[in-house]
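These are the residues of each chain, in order.
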Amino acid sequence: MSSPLYIGMISGTSRDGVDAALVEFSDDQPELIEAICVPYPSALAQELNRLVTGGQRPGQQALDHLDTQLADHFSLTVRMLLDKAGVSERDVTAIGSHGQTVWHDPDGKPPESIQLGEPQRIAQQSGIITVGDFRRADIEAGGQGAPLAPLLHRALFAPPTGPGSETRVVLNLGGIANISVIGPEGELSGYDTGPANCLMDTWIRKHRDQAFDQDGAWAAAGQCQTELLSALRSDPYFHLPAPKSTGIEYFNLAWLENFGPFSAGDAQDIQSTLAELTCTTVAEAILPHRPGDVLVCGGGAHNRHLLQRLGGLLPGIAVKSTAEHGLDPDWVEAVLFAWLARERLAERKQDTRRITGARNPVLLGTVARPASNHSTSTE
């Protein structure tokens with residue numbers, strides 16, 4: 001392969017494993033060559049869940065321990081991806097590794113966002129330059145550090161230009177929902193709207209011991225509790241102006257149970273209400289931009305119930321998968337970090353001012369080089 005190869009990796013707020021994509025860049029456009037998701041071992045997943053769902057900033061000892069364990073799992077993922085693709089590490093220019101977010105508090109004192117999975121350890125074990133710690137520079141420039149996906153969304157999914165062209169929204173339905181608003185002249189803004197799947201996943205795991213609601217079927221068969229929905233929608237986050245970002249540190253089971261108590265017999269109706277919370281808050285964020293269409297990526301792109309409800313709440317606006325525009329919705333975020341690694345090595349600053357609220361464009365990511373490249377330090 002003559003064009004540069006990069007690997008992008010992320011584990012999202014679902015914490016079910018590491019998504020990794022091998023990406024070839026030709027004419028500045030990424031082409032997905034191979035992709036893989038490597039689940040966390042049970043013990044690591046349980047330890048990570050205890051850390052993340054505690055609702056408090058983890059202590060340093062726990063952070064250090066998991067930083068190493070997660071780096072080892074990310075390194076394993078690299079090896080498995082390369083084996084699957086039949087590609088040598090010598091053919092890969094760099095890895096972009098987002099890591100696993102365990103704490104996101106950009107409005108704290110001090111503001112911070114913590115991603116674990118030490119990039120230097122990944123570089124050492126893989127023998128490949130690794131770019132990580134993508135959010136720090138943005139936060140140091142006064143930004144939220146998230147979302148970063150709009151940068152790639154504009155590069156890949158910008159709407160057609162010319163007479164009659166319309167704004168396009170790209171909607172990522174991961175654990176948290178975020179939107180990228182791309183104008184016909186390339187204008188870009190975006191922010192986290194609130195929960196996408198995180199509350200629904202947590203609720204169905206608690207009541208049915210399932211990782212997620214397949215096709216949204218359980219929610220679809222329930223009845224939305226309108227009074228509860230109104231109470232949930234009154235949360236101050238939904239009324240904050242952009243730029244803003246959030247995470248499961250905020251929208252979690254403890255947050256939901258503040259609106260209880262709930263009876264076991266209401267479990268399905270509450271799932272239906274949580275789905276409606278996602279759809280209504282997303283739709284209210286999108287409608288003012290009057291897009292011609294909405295491209296959906298992330299795990300929620302497979303949730304038939306969510307997409308049907310969004311279609312009903314966004315009349316006259318086509319709601320479709322990013323797959324219709326050349327990229328499988330499951331791998332958009334992994335491709336993002338391959339793209340960001342390439343941007344970082346090219347020393348291109350990213351303008352996130354209308355996404356995260358940063359004061360100025362910044363270089364996103366820290367570069368870690370393996371010893372074979374004559375340096376074990378980071379840049």
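Computed from a predicted model, the values in this text were never measured in an experiment.

1. A closer look at the side chain of Arg344
Part 1: Within the secondary structure, Arg344 is located in helix α12 (residues 332-345).
Part 2: In terms of polar contacts, Arg344 uses its side chain to reach the backbone carbonyl oxygen of Gly365, at 2.8 Å.

2. Comments concerning helix α10 (residues 267-286)
Part 1: For α10, built from 20 residues, the straight-helix expectation of 28 Å at 1.5 Å per residue is met to within 8% by its first-to-last C-alpha distance of 29 Å.
Part 2: Burial analysis of α10 places 17 of its 20 residues in the buried class, which makes it a mostly covered element.

3. What about the confidence of the model for the chain?
Part 1: Per-chain confidence: the chain averages 94 in pLDDT, with 97% of residues scoring 70 or above.
Part 2: Ignoring residues within four places in sequence, the model shows residues 373-377, a span with pLDDT below 50, making 11 contacts including any to other chains.

4. A few points about the sheet that holds strand β10 (residues 293-297)
Part 1: Taken in spatial order, the five strands of this open sheet run β9-β8-β7-β10-β11, and their pairing is mixed. What marks the edges here is a single partner per strand, and that holds for β9 (188-195) and β11 (318-321). For this sheet, the mean angle separating the axes of adjacent strands, direction not counted, is 20°.
Part 2: Pairing of strand β7 (residues 168-173) with β10, which is carried by five bridges, proceeds in the parallel orientation. Among the inter-strand pairings, Val170 is bridged to a residue of β10, identified as Leu295.
Part 3: Sitting on the sheet, helix α11 (residues 304-313) touches β7, β10 and β11, and the angle it makes with β7 is about 150°.

5. Here's the deal with the packing of aromatic side chains
Part 1: Tallying each qualifying case throughout the model produces 10 aromatic pairs.
Part 2: Where Phe134 meets Phe337, the ring centres are 5.2 Å apart and the plane angle is 55°; that geometry is what we call tilted. Placement of the pair is Phe134 in the loop between β6 (130-132) and α4 (136-140) and Phe337 in helix α12, with a sequence separation of 203 residues. Exposure class is identical for Phe134 and Phe337. Each is buried.
Part 3: Here the aromatic rings of Trp203 and Phe262 are separated by 5.8 Å at their centres, their planes lie at 85°, and the arrangement is edge-to-face. Here Trp203 is found in helix α6 (residues 198-208), whereas its partner Phe262 is found in the loop between α9 (253-257) and α10, with 59 residues between them in sequence.
Part 4: Judged by relative accessible area, which is 2%, Trp203 ranks as buried.
Part 5: Phe262 gets classed as partly exposed once you look at its relative accessible area, which sits at 23%.
Part 6: An aromatic cluster of three or more residues is present, and its members are Tyr237, Phe238, Tyr250, Phe251, Trp255 and Phe259.
Part 7: Sitting over the ring of Tyr237, Lys244 keeps its end group 4.5 Å from the ring centre.

6. Section: the nonpolar core
Part 1: Within the largest apolar cluster, 73 residues are counted, with the highest numbers of intra-cluster contacts made by Ile7, Met9, Leu171 and Leu173.
Part 2: Sort the elements by how many residues they give to this core and α10 lands first, with 10 residues.
Part 3: By size, the runner-up hydrophobic cluster in this structure holds 35 residues, among which are Ile10, Leu188, Ile355 and Ala358.

7. Structural notes on the pattern of salt bridges
Pairing of side chains with opposite charge becomes possible as their charged atoms draw close.
Part 1: Under the definition given, this model contains 13 salt bridges.
Part 2: Here Glu284 makes a salt bridge to Arg233, at a shortest N to O gap of 2.7 Å. Within this pair, whereas Glu284 is found in helix α10, its partner Arg233 is found in helix α8 (residues 226-233), the two being separated by 51 residues in sequence.
Part 3: Owing to a relative accessible area of 47%, Glu284 belongs among the partly exposed residues under this scheme.
Part 4: Here Arg233 falls in the partly exposed class, since its relative accessible area comes to 24%.
Part 5: Between Arg353 and Asp351 there is a salt bridge, with the nearest N and O atoms lying 2.7 Å from each other.

8. Thoughts on the environment of Ala141
Part 1: Here Ala141 is to be found in the loop between α4 and α5 (149-157).
Part 2: C-alpha separation for the pair Ala141 and Gly357, spaced 216 residues apart in sequence, amounts to 8.6 Å.
Part 3: Sequence-distant contacts of Ala141, that is, excluding residues within four places in its chain, are made with Ala358, Arg359, Asn360 and Val362.

9. Here we look at the layout of surface pockets
Part 1: Considered as a void within the structure, the second largest pocket measures approximately 500 Å³ in volume.
Part 2: In terms of lining, the second largest pocket is formed by 25 residues, of which the most central are Ser113, Ile114, Gln115, Asp133 and Arg136.
Part 3: Mapped by element, the contributors of at least two residues to the lining of the second largest pocket are α2 (60-85), β4 (92-105), β5 (112-116), α3 (119-126) and α4.
Part 4: At five residues, β5 tops the list of elements feeding residues into the lining of the second largest pocket.

10. Re the packing of α2 against α3
Part 1: In the contact formed by α2 and α3, the axes pass within 9 Å of each other and the chain directions differ by 40°. Here α3 runs oblique to α2, going by the angle between their axes. In this structure, the crossing between α2 and α3 has a hand that is right-handed. Every residue of α3 that contacts α2 at Thr68, Ala71, Asp72, Phe74, Ser75, Val78 and Arg79 is listed here: Arg121, Ile122, Gln125 and Ser126.
Part 2: For the contact of α2 with α3, the class distribution of residues is four nonpolar, four polar and three charged.

Calculation criteria
- Residues numbered from 1 in each chain as written.
- Predicted model: local features only at pLDDT ≥ 70, side-chain atom pairs only at ≥ 80, totals over all residues.
- Heavy atoms only, no water.
- Helix = DSSP H or I, 4+ residues; strand = E, 2+ residues; numbered from the N terminus.
- Polar contact = N/O pair within 3.5 Å; in protein donor to acceptor, adjacent residues only side chain to side chain.
- Expected span 1.5 Å × (residues − 1).
- Buried < 20%, exposed > 50% of the residue type's maximum accessible area, 1.4 Å probe, protein only.
- pLDDT = per-residue confidence, 0-100.
- Contact = heavy atoms within 4.5 Å.
- Pairing = 2+ DSSP bridges.
- Axes fitted to C-alpha atoms, helices over the stretch in contact; angles between N-to-C directions.
- Phe/Tyr/Trp six-rings, centres within 6.5 Å; stacked < 30°, edge-to-face > 60°.
- Lys NZ or Arg CZ within 6 Å of the ring centre and 35° of its normal.
- Core = buried A, V, L, I, M, F, W, Y, C linked by side-chain atoms within 4.5 Å.
- Salt bridge = Lys/Arg side-chain N within 4 Å of Asp/Glu carboxyl O.
- 1 Å grid on protein atoms, 1.4 Å probe; cavity = no way out; pocket = protein on both sides within 12 Å on 5 of 7 lines; lining within 4 Å.
- Points joined across faces, edges and corners; volume = space filled by probe spheres on them.
- Parallel < 35°, antiparallel > 145°, perpendicular 65-115°, else oblique.
- Left-handed = near helix turned anticlockwise from the far one by under 90°.
- Nonpolar A, V, L, I, M, F, W, Y, C, P; charged D, E, K, R; others polar.

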